[in-house]
Amino acid sequence: SSIAKLTVRALSKADPELDSVYSSNAAYLECADPHAVFPTSIYRMCDGHVHANHDASVIEGVMSTSITTTIKIQTGVLNPTNLTLCKVYKPIGKCVAVVDQFVDEKWGEDLCKYFAHHGVELTKLVYRAMEADKDISTVEEILKDLKMHSVSRNEPVLIVGGGVIADVGGFATALYHRNTAYVMLCTSIVSGIDAGPSPRTCCDGFGYKNLYGAYHPPVLTLTDRTFFNTLKEGWVRHGIAEIVKMAVVKDLSLFELLEKAGSRLITTKFGTTCPEDTEFGEMCDAIIGKAMEGYVKSEYGNLWETHQCRPHAYGHTWSPGYEIPAGMLHGHAVATGMGFGAHLAFREGFITEGESRRIMKLISDLELSLWHPILDDTDVVWASQEKMVQKRGGNLCAPVPKGQIGVCGYINDVSRERLEKTMAEYKTVCQDFPRAGVGIDPHCHDVGLEHPGTTGVCKKKEESAAEVAAQGASAPSGAALSYNEWIEQCQQQRASSHTERLGGGEGGAAKPPVFDENTLFYPVVEAYALSQTTSGSKDVDAVVESTDKEGLFAPCMVGQLEGQFLKMFAKSTKASRVLDVGTFTGYSALSFAEGIAAGGKVVTLESDVKIAGVAKSLFDGSAQKEKIELVVGDAKGAMRKLLEDNEQFDIVFLDADKENYVTYYDLTMEGLLAPGGVILADNSLCSLVYTEGDERRQKLHDFNEHVRKDARVEQVVLTVREGITLIQPLA
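If you're wondering where the values come from, they're calculated on a predicted model, not measured in any experiment.

Participant: Please explain the overall build of the chain as it appears in this structure.
Facilitator: In terms of helices and strands, the chain carries 28 helices and 19 strands. Scored against the burial criterion, the 731 residues of the chain give a buried share of 48%. For the chain, the share of sequence-separated contacts (at least 6 apart) that also reach a separation of at least 24 residues comes to 75%. Approximately 34400 Å² of the chain is accessible, and the part contributed by carbon and sulfur atoms is 53%.

As structure tokens, then:
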């Protein structure tokens, strides 16, 4: 290890004759080529020429930078016999790695064993890297950690993970010491052929995709499809879109390989689940290699985007404007843009109708989206185009196939009238494809990820209770004032924002009002509220753990704050029987069970057999086992059976499929609710936060209006979490 760290200068000190030669040469190179003797980094070189007029009142400069990078497609990068990473970090003696949290859970141990085997000190900096984390606060956190671990600008940071960590980690290294090299170990398709080798490092901000960024490519990119084995099929599927784009506009042979491989790329996770099929494995490597070659040829020849003839932006002209509000996975959003672009290219006369349909068929066969309901909102699509024209220096310059598949051309003029007409045609064409063109698992929440709209909206990592308390302690207290003086002197500025307490709101609107946020709560408020709320029991903690372990969508749980509310509501109303419509993994049912007295009963309904199985195992292992009855099947049918059996409940909790809330409510009011009982409808304010155009947004608003117009009841909407409506029949 010590020998590996020796430099030529250090070796020359041992031999006077060699030292003399080295010193003489070094003195010459100080002026002739400073990079050779005093390099900041071995991966970057720059040059410049400056000219001035006779009195130096005008000075002109021309600067250039030479950047070297290497891309390798390998198998078994973390096998100790593979020396690729060892050759980079052994001479340095240490490695600081920025690692995606998900990747660390699956591959962290292998990473540690690799560097331990080669005698290299490894420091892992692990971060959550979902789309919702792709903001400036994550970049700041990485920067702080790099400084804390004294990373030097001549030692490449190792970045390990998918597209998000590639973007934010690469951006952090671009900012750190103004230019710090990094090695990218790609573990996903998106990072493996797109974000990983890309010079465009970035993060989102203020609801805009990639608002901040820098041009800073890795010095070494390693793509190893071994890592794809641990990816969910939905993640693999959306990543393939980045390969399709290169096939359509750069490489017909790649397009044909994709047609041949088809959806088997998804089901086998690029051949990693069938290693015995070496022929298919070689095809997968060829697909990755060809996609990578096409991508970097397009990208590296225009490193700083000094012009907009960028084939690799195919599919990315309109989709950035609707990807976030639709909650779509990036790959599915890009796929809709590619499908529309292919149809537009046909209408432009660039390709035949048959070629356009062939492109659309490939996208559909790979289970990606050709269509999404948000495309019906042409205001959104047009606004996206206007923003893209601004971003591209006044040109639309939309890359599309031209002449034939595998060749790129550009469309620069699309009027609003033409956009709307062509989009309507395109929607009709999409009806001929499976699911009317909608892909499989097109949304972030479909694959267990947070809605990307949480990105960049003044988002910071949730502050700890201690930080919140410290902020409160440092604020002026006004303790020396009487209460009335404090109101008059310290609180008047808040008065104008609290007029809603006086009431006077009117309902009756056909649609819910426009609401530009996708959450009702602020992280600091939420953190403080949780810090002051009784913690959940071991039984409900087990629900959280199992939900995460099973990869189920965690936001479907009520969580600690609402769970404690349900428990205390049941206890304070002395309820003995509760109907829980929508079990999921059992958090709400257990909370109610903990709140009712011994001998009480919680009947909980769940339609999904797999999820019900998870809940049952949790109920069976809990202290509330005897209080909970789990009914598996259609909720409407189960509620009708309960009516036939003359069952009644003190509390009916609605937290199932939102489009059927009105039906569940009406069934409850037919006789399921005991005298003096209360209906609790969860997520009632998601009529504001669900994506515009989502059916469930309107259905929840219809439910809210249905209750408001029901003269038999009175109700109040609480802003707990995503809204809970308390409904009680009039006496």
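Participant: Where do I start with the nonpolar core in this structure?
Facilitator: Soluble globular proteins tend to pack their nonpolar side chains together in the buried interior. Counting residues in each nonpolar core, the largest one holds 76 residues, and the members touching the most others are I243, V244, L265, F270, I287, W318 and I359. Per-element accounting of this core gives the leading share, ten residues, to helix α9 (residues 233–250). For W318, the contacting residues outside a window of four places in its chain are F340, L344, V381, S384, Q385, L396, A398 and L419.

Participant: Would you mind showing me how to read the sheet that holds strand β3 (residues 70–73) here?
Facilitator: Adjacent strands of a sheet form backbone hydrogen bonds with each other and so pair up, either parallel or antiparallel. Pairing in this open sheet of six strands is parallel, and the strands run β3-β10-β7-β6-β4-β5 from one edge to the other. A single partner strand is all that each edge strand has here, and the edge strands are β3 and β5 (121–127). On average, each strand axis in the sheet is inclined to that of its neighbour by 20°, with strand direction left out of account. Bridge count between β3 and strand β10 (residues 220–223): four bridges; the pairing is parallel. From the neighbouring strand, I73 faces β10, where its bridge partner is T223. Against the sheet, helix α7 (residues 163–175) touches β4 (94–100), β5, β6 (157–161) and β7 (182–186), its axis set at about 165° to β6. In this fold helix α12 (residues 278–300) packs onto β3 and β10, with an angle of close to 165° to the strand it touches most, β3.

Participant: Would you explain the pattern of salt bridges in this entry?
Facilitator: Charged atoms that come close allow side chains of opposite charge to pair. Under the defined criterion, the tally for this structure stands at 33 salt bridges. Between D277 and R264 there is a salt bridge, with its nearest N and O atoms 2.8 Å apart. Residue D277 is located in the loop between α11 (264–267) and α12, and its partner R264 is located in helix α11; the two are separated by 13 residues in the primary sequence. Its relative accessible area of 24% is what places D277 among the partly exposed residues. Across the pair E705 and R708 runs a salt bridge whose closest N-O atoms are separated by 2.8 Å. Remark: R708 and E705 occur in helix α28 (residues 695–708); sequence separation between them is three residues, near one turn of the helix. Overall, R708 belongs to the partly exposed group, its relative accessible area being 38%. Each of R200, E299, E305 and R310 takes part in a single network of salt bridges with overlapping partners.

Participant: Please clarify how the sheet that holds strand β17 (residues 673–682) should be interpreted in this entry.
Facilitator: Ordered by their spatial adjacency, seven strands build an open sheet running β15-β14-β13-β16-β17-β19-β18, and the pairing between neighbours is mixed. Lying at the two open borders of the sheet, with one neighbouring strand each, are β15 (628–632) and β18 (713–718). Strand-to-strand, the axes of this sheet are offset by a mean angle of 15°, without reference to chain direction. On the sheet, helix α23 (residues 587–595) packs against β13 (577–581), β14 (601–606), β15, β16 (649–654) and β17 and is oriented at approximately 175° with respect to β14.

Participant: How should I be thinking about helix α25 (residues 635–644) in this particular structure?
Facilitator: Working note: α-helix, 3.6 residues per turn, so residues spaced by three or four point in the same direction. Among the residues of α25, A635, A638, M639, L642 and L643 are the ones counted as buried. In an axial view of α25, the angular spread of the buried residues amounts to 145°, which keeps them on one side of the axis. Along its buried surface, α25 packs onto β13, β14, β15, β16 and α26 (661–672). Near the N-terminus of α25, the side chain that reaches the backbone nitrogen of K636, with its oxygen 3.4 Å away, is that of D634. Following α25 by one or two positions, N646 has its phi on the positive side, about 60°.

Participant: I'm lost on the packing of aromatic side chains in this one. Help?
Facilitator: Note on aromatic pairs: each is described by the distance of the centres and the angle between the planes. For the coordinates displayed, the defined rule picks out twelve aromatic pairs. When the ring of F102 is compared with that of W235, the centres are 4.9 Å apart and the planes differ by 75°; the resulting orientation is edge-to-face. Taken together, the positions of F102 in helix α5 (residues 101–117) and W235 in helix α9 put the pair 133 residues apart, joining distant regions of the chain. For F102, a relative accessible area of 23% puts it in the partly exposed group. Residue W235 is classed as buried on the basis of its relative accessible area of 17%. Relative to F115, the ring of Y114 has its centre 5.3 Å away and its plane inclined at 85°; by these criteria the two rings are edge-to-face. Here Y114 and F115 have matching classes, each one buried. An aromatic cluster is present here, built from W318, F340, W371 and Y426 joined pairwise through their rings. Positioned above the aromatic ring of F350 is the side chain of K402, whose terminal nitrogen or guanidinium carbon lies 4.6 Å from the ring centre.

Participant: Before we go on, may I ask you to explain the packing of α9 against helix α14 (residues 330–348) in this structure?
Facilitator: For any two helices packed against each other, the geometry comes down to the angle between their axes and how far apart the axes lie. Taken N-terminus to C-terminus, the directions of α9 and α14 make an angle of 40°; their axes are 7 Å apart at the nearest point. Judged on the interaxial angle alone, α14 and α9 are oblique. For the element pair α9 and α14, the recorded crossing hand is left-handed. Contacts between α9 and α14 pair R237, H238, A241, E242, V244 and K245 from the former with H330, G331, H332, V334 and M338 from the latter. Each residue belonging to the contact of α9 with α14 can be placed in one class, and the counts come to four nonpolar, four polar and three charged.

Participant: Please explain a nonpolar patch on the surface as it appears in this structure.
Facilitator: Among the surface-exposed residues, F206, Y208 and L211 lie close enough to one another that they form a single nonpolar patch of about 330 Å² accessible area. Mapping L211 onto the fold places it in strand β9 (residues 208–215).

The rules behind each value
Residues numbered from 1 in each chain as written. Predicted model: local features only at pLDDT ≥ 70, side-chain atom pairs only at ≥ 80, totals over all residues. Heavy atoms only, no water. Helix = DSSP H or I, 4+ residues; strand = E, 2+ residues; numbered from the N terminus. Buried < 20%, exposed > 50% of the residue type's maximum accessible area, 1.4 Å probe, protein only. Contact = heavy atoms within 4.5 Å. Areas by Shrake-Rupley, 256 points an atom, 1.4 Å probe, with all protein chains shown as cover. Core = buried A, V, L, I, M, F, W, Y, C linked by side-chain atoms within 4.5 Å. Pairing = 2+ DSSP bridges. Axes fitted to C-alpha atoms, helices over the stretch in contact; angles between N-to-C directions. Salt bridge = Lys/Arg side-chain N within 4 Å of Asp/Glu carboxyl O. Arc of directions from axis to C-beta. Polar contact = N/O pair within 3.5 Å; in protein donor to acceptor, adjacent residues only side chain to side chain. Phe/Tyr/Trp six-rings, centres within 6.5 Å; stacked < 30°, edge-to-face > 60°. Lys NZ or Arg CZ within 6 Å of the ring centre and 35° of its normal. Parallel < 35°, antiparallel > 145°, perpendicular 65-115°, else oblique. Left-handed = near helix turned anticlockwise from the far one by under 90°. Nonpolar A, V, L, I, M, F, W, Y, C, P; charged D, E, K, R; others polar. Patch = residues over 30% accessible without salt bridge, like charges linked within 9 Å, V, L, I, M, F, W, Y side chains within 5 Å.

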